[in-house]
Structures are given as C-alpha cells and as structure tokens.
Amino acid sequence: MSQVRGNFDGMSNRPVRAIVGVIVLAGTGWAGFRGVGPVPPLGLLLDPANGTWSAALHARLPRQAAARMPALGDSVDVRYDDRGVPHIFAASEADAYRALGYVVARDRLFQMDLMAHAAAGRLTEWVGPRALPLDRQVRALGLPRAAKQQLAAMDTTGMGWRMLQAFAQGVNAYVANLPPARWPVEYKLLGVKPSRWAPVNSLLLFGRMAWMLAYLPDEEARQAARAVVGKAAAEALFPLDAPIVEPIQPTGATGPQYRFVKLPPPGRPDTGARRLASLLRGIAPPGARAGQDPRHLASNNWAVAPARSATGHALLANDPHLGLTLPSIWYEAQLVVPGTLDVYGVTIPGAPGIVLGFNRDVAWGFTNTGADVVDFYRETVDDSTSPRRYRLDGAWKPLAIRVEAYRGARGQVLRTDTIRYTHRGPLMHRFGMWVSMRWTALEPSDDIRAFYDASHATSAAGFLDAMAGSFLVPAQNIVAADRAGTIAIRSTGHFPLRPRGTDGLQIFDGSTSASDWTGYWPVARYPQSVNPAQGYLASANQQPVDPRQPFAYLGDERAWDPWRALVINQLLRGHDSVTVDDMRQFQVNPLSVRARLFVPHFVQAAAAAAAAAGGRDSVSVRAAARLLAHWDDRYTRDNGASALFELAMRNLRDGVWDELADSTGRRAATPSDEIMLGLILQPGSPWWDDRRTPAVVETRDDVMRQALVAAYDSLQARYGRPGAAGWPWGAVATVDIPHLLGLTGFSRDGLVTDGGNGTLNPAPAPGGGSHGPSWRLVVDLGPTIRAWDTYPGGQSGNPASPRYADRIPQWLAGQLSPVLAPDSLAGLPAARVMASLTLRPGGN
C-alpha cells in the first residue's frame, strides 16, 4: 500500500472558475487608456455615465416602469414581489412567454448571453484565441450542430416552436432598447456588447445541461483497472450493480439491501486494456465529466402520501445539487394566463418556461438517473489522416463533414476544424484509431414541448406521461404529487437498448450495424411507482431499480450514490405524520449513514492497536479514536470529528488501493466507498497487504489505524491542537459561490453551513467546494397549494443590486420563504409588491 499522506492539500473541490474570467483577467493587465487584448480601454470602464459605475445607478428596479414590445398581442402586467419574483399576468400564453423573455433578460442578460456563447462554442468571439480549447471541445461533441438540427426539425405550428420564438422576441425587445449605461457590468469588463437572442440559444442551453448531467463515459475506469489488476478484479471493483441498494422503485423491503461480494485478488495486468483506457481517456474532453465522480452532481426529491402527512395532503420536496454560481443557475417566476396557464417555479435563464415547480394541481421535482447514454465505436475509414468514408456492413458510407470556423471579436477566422460524423455521431481520431460516439443528447427531442405539456398537467400521472412523451435527455428521476393525493415517480428519458449480451462498458465494432442500438426502453419498463404501500417515494441518485429484477443494462455502480438515499428513506420510514417543517429539516439534515457504517471500524482498529501495544499505543491513535467514538455522525458546522473522518477516509483509499497504481505511480481508478465497506468485512483479503513491503503482511486494522493516525497528526499540524470536540467542521469545510467570471468581489467564498459528504445537504467539502443544493422547494398540495423555497443567490445578476445575493444567508441557515403565488393580479397583496412593469404592444 502506498504511504498514507494525511492532509487536505490538493483536496480542494474548487471549480475552474471563470472559464472566461481566467482567460480574460489572468495575464491581460489594464494599460492606462489603451485596450490590451480583449480588455477594454480604462476610460470606458471609468465613464461615469456608461462605465462600470453605472451598475450601481441601476441596481434597483424602478417602482413603476412601462415598455413597448412589437410582437405583443395585448398588454401584460408584471408585478415583482418583495423577494424579487416577477408574477406575469397575460391574456395569452404567447404573450406570457414573451414577457418571461423580457423579465429574465432584464435581470440576467449577461448570464444568458455568456451561457449561449459557451454552449455554441463561440467564446472566442468575446475573448479571442484563449477560448479556443473550450470552444473546440463543445463543437467536437456536436452539441451546436445537434441544436440547429433540432430547431430545423421542429413543427413550426407546434407550441414548442412558438414558445421559442415568443421568448426570443421578449429578450430582443429588451435588448433593442437597452442603452449602454444599463448594460450589465460584465460586458464593460470584457469590452463586448449584448447580442440578440436566437431561438436556437435556448436549445443550446439544454444541450449544455445534458453535457453536465448525461455525459457519463465510465468505460475508462474499468479498462484502466483491468490494465493493472486484470479483468476479474476490475469487474469486482467496478461492478455494474451497486452493492448497497434502496431503489427509487420500492421493493417491499423495510430497509436497504447490502450485497457485498468477496473481492478476488489482484490479477495479471491486461495489456490490451491499457490501450483502450488511454483511448477512452483521450476521447473524453477535459471540459466534460469523464474521470470525475458523477456523485458530485447530485440531487434529492421525495413525496409523502396523505396518509403519512400531518396536513392530510400530499407533500413534495426537491433540491437539485449542481454547481453553485452567482448569479444563480435558476431564476424564479410565475406565469398566469386566466383559464389556460398558472405555473410557478424556477427556470434556467434562457429557457422558455418553468423547469421545476408546481401549478394549481401538481408539483414536481427532478434528480439525475446516472444512466449510461454514451457509447463509442471503433470505425474503419478509407484514409487514416483525412477520411471521407467509413465502412459499414461491407460497404463504404460517406461521412458527413462539417467545417467549424472559430472567429475573433472582429469576425476574423482564428482557426478551422473539420468535424466528421458517422450515422452514430461525431468521429474522433485518438491514438491512431478513429472512434465515433453515439449520445442521446445528439438525438432528436422536444424538451420545450415536454415542459409546456407538463405545466398544464392536472394530475401526477398526467405530468409523468407528458414528460415521458417528449423529455428525452438528460434522463431524470421525476417525482410528482397532486392535490388528489397521488404520489408517483418515474425514471424518464431515452435509455438505449444495446445488442443482446452487451452493456455500455466497452468499445463496439463500428464496422457492423449489429453493434448499433436497437431502440430505447419502452415507458412501461422505466423504473417507476405510483402510490406505493409504504406511503412515500424518494430518489437521491441511487440505483433506480433492484438489481434482482430483470431490467436491461441502465448504467454502472460508479454513477450511483446510495448514501443520501439511505438517509432520506430512514427519515421517511421513521415519521408517520410528516409536517411541512419536517420536509424542510430533512433537506438540511446533516446525518451521514456513510459515517455511521465506517466509524466503528476505525474505532475497532484503534482498540486492536491499543490491545496489541499493551496500552503503549500512540497518543494520536487514542485521541483520534476518542473523537470518532463520541461523534454522532452528523456534519454540523461546530462538530469536531467530521474533518478527522473525511481525511481518514481519504488516507484509507490511498493506503488500500496501491495495487491500482499504473506505471507512472498514479492511481488508474478509484473504487467507491461502498466497495471499500465491503472490503472491510473481509479482513483477510490480500488487498490489505502492502505489495511493496514483502517482509511485512499488513492487516486491515493496521491500515485503518495508520489512516486514522495520519489524519489526526495532519489536522493538528495544520490547525493546531484540537479542542475538546476536535476541529470544527466549519473551519475546515466551506462553501464557495463563484461569480460566472470568477471575479472575487462578485463572488461569495468561505461560507459556513451544515452538511457534508453523504448527507442530504452535501454543500461543504474539505478545502472548499462550489457544488450543493442549487434550489430548495417544499410543497403542500392541499385545496390551495402552499409552497416554500429558496436558492443560494438572488434574482438580479447585477452585483450592485440588493437582490444579487440576498437569499444566501437564508440558504446557509437551512430556512425557506413562503412562496407568493396568486391566481390573479387582484390576489397579489399591494404591500408585497416591490415594483411593477407594464408591457404594451407597439414600438419598433
């Protein structure tokens, strides 16, 4: 086993902040009144009327405002409540979506524009050649091409098309009349101006979300493991099914199922797998999530039936865990069209509709399924350097060839790439091989129509059916509850049917169509449940189905996280009269079942060491064991054992998986903590022995004690002697919420809250992190729906606005605000109205 290292150096979970910010602000100084590279002249920045100072002058919405919009059919009334939420009252749905485009642009224009440029691979147009690597990744994946194809295939008489057009009209009406003085400050820092919004931009944003949530090429980890420990060991360390299962589809069991298997010893390296691992590592672009732990992007949702609810109504909760940014990735709004539409929730800035929320009858929430929806195919081409054809079923087929041009700020071409496509998807050249990729995100879909139909649903079943008809990617575990008391859940999306006898953890032979997907799972086979006898439903990114049931391949264990599912199911089982406040407290519950299962083994290992030493064991091991033994397994900000446990776990991984080191000494792949837990139950396993110390055979207790002592000593060296309870978690693990450009003054870093790895509130991480609950919602579906929510940010994208980050203190404290969702303008209390906006037809 490798030498245990006990410190948090290198553990930082801080993201690459500022895709654009790093590009622009690192290495490009300001030089007086002359622009340097993409940075604007200083005189423009300091212009009191139009420069950065003007942001403060326009930080608050005017009490009353009016504007004209050429495409508008009738007047629209918008009222902003005292939380900054716009309530849009329109006479038609088209006008409601036009108004939504207008108000989102009013608050989040730069965010929309930046995300659209990033999703289209057009950042070079703002910041020049430094953005080429990012833009090339996006275009190589085929996302911009897929969005354009999706738009071209849409029914121009359908509601999805009309929503896209109406939303774009609203955005552009705002942009057309926006004077430079009111441009968001980031445009001035970058020296660029706002762009017109194209309908395809909304589709690009959905593609970018799919990249984040559905691009899970896990093939590389297993192949990398095979390359160093052989096939049998690799398949046991990286199994298809999770060893700890409490699926979203209830099985009738009253608790989790543990299915640990005996790990075979390390075997002979598989030299063929080494090349495949290198190939797969090269295929996955660095900006994607390949090689990262999919569990970092997590979510929770659950629903409680009336019989287990204190209110006698169905209850629903959702908190999607994503990358945290300022401004927030969500924007809150309500749309009301009398007799037609009444929906409240959050939207992705740039999306024409509500993504998560509720209407008068139904509430809903999403979590990621972790399904494997990406496959790779080794292709035979006619020319190894510049192919124009590929071989399929004994015949040559022409490649679709697309020349991608990357332009600078003045429209000049900076570079061109030739992207080739087979019928499966984009073709890439890696390590002397040509490999194509098929990915559901590049397939035809109509997510816009799905959200439109879902917002009009009148029952939980109707909501799920509406989503199943059109919502294809990213595949989500959708929970829904309605006022009639029904609760339901379904894993919804396109799940590929692969050739019989295969899974997605391989590279297929591209020369035959027999390797192609044969279709997609029918809806009847989706993991799902309606009104189960247990009286609740929950998903938290665990394996959706019981592995014992005859389901086709859905994914592999690396994509699924059982720990939060164990916690929420335990909480729900233990409450037969759940209140609204229980739902809120569950969302921020700091209990870790993961810690509860591991801690006794660390304590036992320390006790074994003490017994062997006859009481002459080290002070560190006794002190560390005492801290863990008295810990309640809760990641509260003041507890002193969470940091010790987390570092001990990291050391344990380093100490156990030395056999997985490749020829460079780098660990080729890391098994999950669930696999580690199973190994702990096998104290005689050869995996515990250090292969580099042939004179000594290390035991399980040796390795666990060493990991614990190293963690204790390291924490003491870094933070000083512990207090009576240890080192406060809040001093070690903090939350960062970075600005989109990584600008320190516009970010909120070093925030302290409860929660941690494996808890329902996985916000902090040792060394800092910027992933966590991006929104929290609780809904009581009584005769009149009541709801409470918050998110870590604010409605405005203007850093000078009091609405920019005003919800962060509430989010940190685990509190929610009552939602104001009137069904008419008259139902909106005048005392709660912060500002009004009237949109009228006309104008240019």
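All values reported here derive from a predicted model rather than from experimental measurement. (Residues numbered from 1 in each chain as written. Predicted model: local features only at pLDDT ≥ 70, side-chain atom pairs only at ≥ 80, totals over all residues. Heavy atoms only, no water.)

A. Structural view of the packing of aromatic side chains. The full count for this structure, using the stated rule, is 24 aromatic pairs. Plain terms: the ring middles of Tyr-102 and Tyr-174 are 5.3 Å apart, the flat faces sit at 80° to each other, and that makes the pair edge-to-face. Of this pair, Tyr-102 sits in helix α4 (residues 93-120) while Tyr-174 is found in helix α8 (residues 159-176), placing the two residues 72 residues apart along the sequence. Summarising the burial analysis for this pair, Tyr-102 and Tyr-174 share the class buried. An angle of 25° between the planes, with centres 5.9 Å apart, marks the rings of Phe-206 and Phe-451 as stacked. Note that Phe-206 is positioned in helix α10 (residues 199-214) and Phe-451 in helix α14 (residues 447-455), a separation of 245 residues in sequence. Residue Phe-206 shares its accessibility class with Phe-451, and that shared class is buried. In this structure an aromatic cluster arises from ring pairing among Phe-602, Trp-631, Tyr-635, Phe-645 and Trp-729. It is Arg-424 that lies over the ring of Tyr-377; its NZ or CZ is 4.5 Å from the centre. (Phe/Tyr/Trp six-rings, centres within 6.5 Å; stacked < 30°, edge-to-face > 60°. Helix = DSSP H or I, 4+ residues; strand = E, 2+ residues; numbered from the N terminus. Buried < 20%, exposed > 50% of the residue type's maximum accessible area, 1.4 Å probe, protein only. Lys NZ or Arg CZ within 6 Å of the ring centre and 35° of its normal.)

B. Here's a closer look at helix α18 (residues 593-612). Taking 1.5 Å per residue, 20 residues should reach 28 Å; α18 reaches 30 Å between its end C-alpha atoms and fits that length. Considering only its buried residues, α18 is in contact with α16 (563-573), α19 (619-629), α20 (642-656), α21 (673-680) and α22 (700-719). Between the side-chain oxygen at the start of α18 and the backbone nitrogen of Arg-594 there is a gap of 3.4 Å, and the oxygen is on Ser-592. (Expected span 1.5 Å × (residues − 1). Contact = heavy atoms within 4.5 Å. Polar contact = N/O pair within 3.5 Å; in protein donor to acceptor, adjacent residues only side chain to side chain.)

C. Summary view of empty space enclosed by the protein. Per the stated rule, a full pass over the model turns up six cavities of 30 Å³ or more. Taken as a whole, the largest cavity spans an internal volume of roughly 210 Å³. As for the largest cavity, its lining consists of 20 residues, and the residues nearest its centre are Met-209, Leu-213, Trp-330, Phe-366 and Gln-476. Those elements giving two or more residues to the lining of the largest cavity turn out to be α10, β7 (314-323) and β11 (362-368). The residue makeup of the lining of the largest cavity, split by class, is 15 nonpolar, five polar and no charged. Lining the second largest cavity are 13 residues, with Gln-150, Leu-203, Phe-206, Gly-207 and Ala-441 sitting closest to its centre. Of all the secondary structure elements, the ones that give two or more residues to the lining of the second largest cavity are α7 (143-153) and α10. (1 Å grid on protein atoms, 1.4 Å probe; cavity = no way out; pocket = protein on both sides within 12 Å on 5 of 7 lines; lining within 4 Å. Points joined across faces, edges and corners; volume = space filled by probe spheres on them. Nonpolar A, V, L, I, M, F, W, Y, C, P; charged D, E, K, R; others polar.)

D. Examining the sheet that holds strand β17 (residues 426-430) more closely. Pairing is mixed across the open sheet formed by six strands, whose spatial order is β15-β16-β17-β18-β12-β22. Only two strands of the sheet have a single partner each, and these edge strands are β15 (400-407) and β22 (507-509). Taking each pair of neighbouring strands and ignoring which way they run, the sheet shows an average axis angle of 40°. By the bridge criterion, six bridges tie strand β12 (residues 374-379) to strand β18 (residues 433-439) in an arrangement that is antiparallel. When the sheet's bridge partners are listed, Val-374 is paired in β18 with Trp-439. (Pairing = 2+ DSSP bridges. Axes fitted to C-alpha atoms, helices over the stretch in contact; angles between N-to-C directions.)

E. Summary view of the layout of surface pockets. The volume enclosed by the second largest pocket comes to roughly 530 Å³. Contributing elements (two or more residues each) for the lining of the second largest pocket: α3 (54-57), β1 (64-69), α4, α8 and α9 (185-190). If one sorts the elements of the lining of the second largest pocket by residue count, α4 sits on top with eight residues. Across the lining of the second largest pocket, the residue classes break down as 23 nonpolar, eight polar and eight charged.

F. Local environment of the packing of α14 against helix α15 (residues 460-470). Where α14 meets α15, the axes come as close as 8 Å, and the angle between the chain directions of the two elements is 170°. Between α14 and α15, the crossing angle belongs to the class labelled roughly antiparallel. Facing α14, whose interface residues are Asp-447, Arg-449, Ala-450, Phe-451, Asp-453 and Ala-454, α15 presents Phe-463, Ala-466, Met-467 and Ser-470. (Parallel < 35°, antiparallel > 145°, perpendicular 65-115°, else oblique.)

G. Layout of the environment of Ala-641. Along the chain, the position of Ala-641 falls in the loop between α19 and α20. Ala-641 gets classed as buried once you look at its relative accessible area, which sits at 3%. Along the backbone, Ala-641 and Pro-722 are 81 residues apart, and their C-alpha atoms lie at a distance of 9.9 Å.

H. Main features of the pairing of strand β33 (residues 833-841). Where β1 lies against β33, six bridges are found, and the strand directions are parallel. Bridge pairing links Ala-66 to Thr-838 in β33. Of the strand pairs in this sheet, strand β2 (residues 76-81) and β33 are connected by six bridges, and their pairing is antiparallel. Considered in β33, the bridge of Val-76 is made with Leu-839.

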